[in-house]
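Below are the chains, spelled out letter by letter.
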Amino acid sequence: MNALPWFQNQFPLFLAPMAGVSDKIFRQLCKEYGADVLTTEFVSAEGIFRRNERTREYLDFDDVERPLGVQLFGADAAHMAEAAKQVVDWVRPDFVDLNFGCPVNKVVCKNGGSALLKDCPTLASVAESVVRAIAPLPTTAKIRIGWDADSVNAVRVAKILEACGISALTVHGRTRAQGYSGAADWNVIGEVAAAVAIPVIGNGDLTSAADVAKRKRETGIAGAMIGRAAMSTPWIFRETKAYLSNSVILDPPTLEERWKVIRRHCELVVRDWGVEEPAIRSMRARLMAYSKAMPEAKRLREKFSQVSTLADVEVIARENISQSTATTILAAA
Ligand SMILES: Cc1cc2nc3c(=O)[nH]c(=O)nc-3n(C[C@H](O)[C@H](O)[C@H](O)COP(=O)(O)O)c2cc1C
């Protein structure tokens, strides 16, 4: 039987760890919509040792977010084990997740993230050391399917990680070389799920409840992880849950409801920062992501690139809603 309670009798939905995105406010928003398991943005082992303000922010979470994992990256087994132990004593997460998938140069050039897919002995020593350091608390891992198209090795890596005592494994179905381009390879994700006994969480390009249901049906995944789609449609978790449990297709939220979510997100960020203008400016990229699911997306993006206050957001909301209503009336006439 699987030791992780969030896999018992259910198919959990994970919000993907996303640096600069899956902060506490966004995690809690997604939790309200039904995300079952959350992970912090990644933190380096060295960041843990320094305990600076940034790291404290990354590690800050509330009990409502449980089960929650802290994601660590690094290539030095002893440092990673010590950092994991410190994190567990410090913030008491439900698990520690190891990042073996990050494609970013800053991380890879220090042999962290996806670079370890090319160096299985180091990958194994990092995993084994962290598992041992924090047991019985579970250690999980997140990988890509390989370094590049010529070295797809997710099945081998998954078996190594399973042997090291990793409790669950997320597979993002792209190689490091792909970055975020091309399509996630769900055949490889299925091969990994068939090759190991630990739960495998499938990740990559899930944009609707139907997508998740199809991948669940076609591969042996034990859970699904959603990243970018949650940025524009955080209600995807609610829709997916309804579809998976009762085959119900929920109506998508109305435009007014979408704006309610956007306003609330902005208000929460302003409250958190305590200063409105920098808070709203920090939301510009997030607003762009929301615009993907909205009418007049291009116009919205132009406007969002200028917002600085809650009042600015409100003006755009009203205009967008009234424009969309006018278009609907015209279309019906
Ligand atoms: C802005 C951004 C930041 C990300 N940061 C992380 C991270 O800190 N750790 C991690 O394991 N993956 C990170 N990822 C990868 C996602 O977790 C996920 O694997 C990827 O986006 C594919 O899933 P999707 O198609 O549902 O977005 C990030 C992705 C994006 C778009």
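Refer to the preceding data block for the structure.
Residues numbered from 1 in each chain as written. Predicted model: local features only at pLDDT ≥ 70, side-chain atom pairs only at ≥ 80, totals over all residues. Heavy atoms only, no water.

A. The arrangement of the overall build of the protein chain in detail. Each helix and strand in the protein chain was counted, giving 16 helices and nine strands. The C-alpha radius of gyration of the protein chain comes to 20 Å, within 12% of the 20 Å expected for a compact globule of 333 residues. When its C-alpha atoms are laid out on the principal axes, the protein chain stretches across 65 × 45 × 35 Å. In the protein chain, buried positions account for 53% of the 333 residues. Considering only contacts within the protein chain whose residues lie at least 6 apart along the sequence, 68% involve residues at least 24 apart. Carbon and sulfur atoms form 51% of the exposed surface of the protein chain, whose accessible area is close to 15100 Å². In the protein chain, which carries 41 positive and 39 negative side-chain charges, the distance between the mean positions of the two groups comes to 2 Å. (Helix = DSSP H or I, 4+ residues; strand = E, 2+ residues; numbered from the N terminus. Rg over C-alpha atoms; globule rule 2.2 N^0.38 Å. Buried < 20%, exposed > 50% of the residue type's maximum accessible area, 1.4 Å probe, protein only. Contact = heavy atoms within 4.5 Å. Areas by Shrake-Rupley, 256 points an atom, 1.4 Å probe, with all protein chains shown as cover. Lys, Arg positive; Asp, Glu negative; His and termini not counted. Charge placed at Lys NZ, Arg CZ, Asp CG, Glu CD.)

B. How the structure looks around empty space enclosed by the protein. Taken as a whole and assessed by the stated rule, the structure comprises two cavities of 30 Å³ or more. Counted as a void, the largest cavity has a volume near 80 Å³. Lining the largest cavity we find 13 residues, and of these Phe 14, Phe 95, Asp 97, Thr 140 and Thr 170 sit closest to its centre. Within this model, the second largest cavity holds a volume of roughly 40 Å³. Lining the second largest cavity, in full, are Glu 296, Arg 299, Leu 300, Lys 303, Ile 316, Glu 319, Asn 320 and Gln 323. Contributions of two or more residues to the lining of the second largest cavity are made by helix H15 (297-304) and helix H16 (310-332). By residue class, the composition of the lining of the second largest cavity is two nonpolar, two polar and four charged. (1 Å grid on protein atoms, 1.4 Å probe; cavity = no way out; pocket = protein on both sides within 12 Å on 5 of 7 lines; lining within 4 Å. Points joined across faces, edges and corners; volume = space filled by probe spheres on them. Nonpolar A, V, L, I, M, F, W, Y, C, P; charged D, E, K, R; others polar.)

C. A look at the state of the cysteines. Tallying each qualifying case throughout the model produces zero disulfides. Free cysteine: Cys 164, not disulfide-bonded; nearest cysteine sulfur from Cys 120 at 10.0 Å. Take Cys 164: its relative accessible area is 9%, and that puts it in the buried class. Considering cysteine sulfurs only, Cys 30 is the nearest to Cys 266, which forms no disulfide, with 15 Å between them. (Disulfide = S-S within 2.5 Å.)

D. Quick peek at the layout of surface pockets. A volume near 1200 Å³ is recorded for the largest pocket. Residue lining of the largest pocket: 45 residues in total, with Gly 20, Glu 41, Arg 54, Glu 57 and Tyr 58 positioned closest to the centre. Every element with two or more residues in the lining of the largest pocket is listed here: helix H1 (24-32), strand S3 (43-44), helix H2 (45-50), helix H3 (53-59), helix H4 (77-91), helix H5 (105-108) and helix H12 (255-273). Looking at which element gives the most residues to the lining of the largest pocket, the answer is H12, with seven residues. Tallied by class, the residues present in the lining of the largest pocket amount to 16 nonpolar, 11 polar and 18 charged. Estimates place the volume of the second largest pocket at around 590 Å³. Taken together, 29 residues form the lining of the second largest pocket, with Ala 16, Pro 17, Met 18, Lys 142 and Tyr 180 sitting closest to its centre.

E. How the structure looks around the site of the ligand. Around the ligand, 16 residues are found, and the nearest of them are Pro 17, Gln 71, Asn 203, Asp 205 and Arg 228. At 3.2 Å, a side-chain N or O of Asn 99 approaches an oxygen atom of the ligand. For the ligand, an oxygen atom lies 2.7 Å from a polar atom in the side chain of Arg 228. In isolation the ligand has 610 Å² of accessible area, and contact with the protein removes 87% of it. According to the grid-proximity analysis, the pocket containing the ligand is the second largest pocket. Classifying every residue of the shell around the ligand by side-chain character gives seven nonpolar, six polar and three charged. (Near = heavy atom within 4 Å. Polar contact = N/O pair within 3.5 Å; in protein donor to acceptor, adjacent residues only side chain to side chain. Sits in = over half its atoms within 2 Å of the grid points.)

F. Expanded view of unusual backbone geometry. A cis amide bond links Arg 66 with the next residue in sequence, Pro 67, at an omega value of -5°. In this fold, Pro 67 is placed in the loop between H3 and strand S4 (68-73). Geometrically, the link from Ala 135 to Pro 136 is a cis peptide bond, its omega value of 10° lying close to zero. Looking at the secondary structure, you find Pro 136 in the loop between helix H6 (120-134) and strand S6 (139-146). Positive phi outside glycine occurs at Glu 296, with the angle close to 60°.

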